[in-house]
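Each chain, written out:
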Amino acid sequence: MGLPEKLSEIKRHLPANVKLVVVSKGRLPAEIIEVYNEGHRIFGENKVQELVPKYQDMPKDIEWHLIGHLQTNKVKYIAPFIGMIHSVDSLKLLKTIDKEATKCNRVIPCLLQMYIAEEETKYGLFLDEAADLLSSEEFAGLKNIEIRGVMGMATFTDNTDQIRKEFRSLKTIFGLLKKKFFAESDAFSEISMGMSDDYLVAIKEGSTMVRVGSAIFGHRH
Ligand SMILES: *Cc1c(COP(=O)(O)O)cnc(C)c1O
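Residues numbered from 1 in each chain as written. Predicted model: local features only at pLDDT ≥ 70, side-chain atom pairs only at ≥ 80, totals over all residues. Heavy atoms only, no water.

**Here's the deal with the pattern of salt bridges**
Two side chains of opposite charge can pair, provided their charged atoms sit close to one another. What the rule picks out here adds up to eleven salt bridges. With a shortest N-O distance of 3.2 Å, Asp161 and Arg164 are connected by a salt bridge. With a gap of three residues between them, Asp161 and Arg164 both fall in helix H8 (residues 160–181), about one helical turn apart. Relative accessible area serves as the criterion here: at 27%, Arg164 is assigned to the partly exposed category. Residues joined by salt bridges that share partners form a network here, namely Asp161, Arg164, Arg168 and Glu205. (Salt bridge = Lys/Arg side-chain N within 4 Å of Asp/Glu carboxyl O. Helix = DSSP H or I, 4+ residues; strand = E, 2+ residues; numbered from the N terminus. Buried < 20%, exposed > 50% of the residue type's maximum accessible area, 1.4 Å probe, protein only.)

**Comments concerning the pairing of strand S5 (residues 108–114)**
Among the seven residues of S5, seven are classified as buried, and the element is accordingly described as predominantly covered. Here S5 shows two buried faces, one formed by Ile108, Cys110, Leu112 and Met114 and the other by Pro109, Leu111 and Gln113. Across two bridges, strand S4 (residues 84–88) lies against S5 in parallel orientation. Its bridge partner being in S5, Ile85 is matched across the sheet by Cys110. Note on the crossover from S4 through helix H5 (residues 91–103) to S5: the handedness is right-handed. Pairing between S5 and strand S6 (residues 145–152): seven bridges, direction parallel. (Pairing = 2+ DSSP bridges. Right-handed = clockwise from strand over helix to strand, strands pointing away.)

This is a description of form; function is not addressed.
As structure tokens, then:
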């Protein structure tokens, strides 16, 4: 299968409410343009230093999402154009995003990255940490960010039952946060979960955004 066929194969599996973020990390401009030419506009990158030159070189109607860990000192480089940040894992980072967004006169859509994996990973908030963040006075003062939902990464494993359990826990977390902090807000609506190997499981468990790279582009160079 060529790239356009792989892309439309994946799109065929997506319910109407599920968005596809095509993960273009490590891909050549020509590969990205091939997806762009199929009409796709949402791309995800996990590193600021790779994202910024791509933003500069690629068509300006691409909506870029940052899906990897973000350091506070790098926020300023993406604040002028980033479409969504999936990886917010601290109040400090959120405050920096708000500050840089204010300078750009923008409101930046953000997701809280939640810790759902059984394996030890470095990034992500526990439910009580997210609740503390959202109930803080400092958070209430941030006007140039909008929390649009949650993101999570399942354990790197072949065990589908475990992956399903972890996705289910993210959906539960989403529901709890929605009820407690966003009951009045339609904006809090996204659950970013699912990658090349597990996006079908993620969709069954309530994903609204899947982040897919290698299933479209093949193995990374
Ligand atoms: C690389 C990456 C993906 C996509 O991974 P594939 O297995 O290539 O689909 C999704 N999310 C994050 C955070 C990533 O870093």
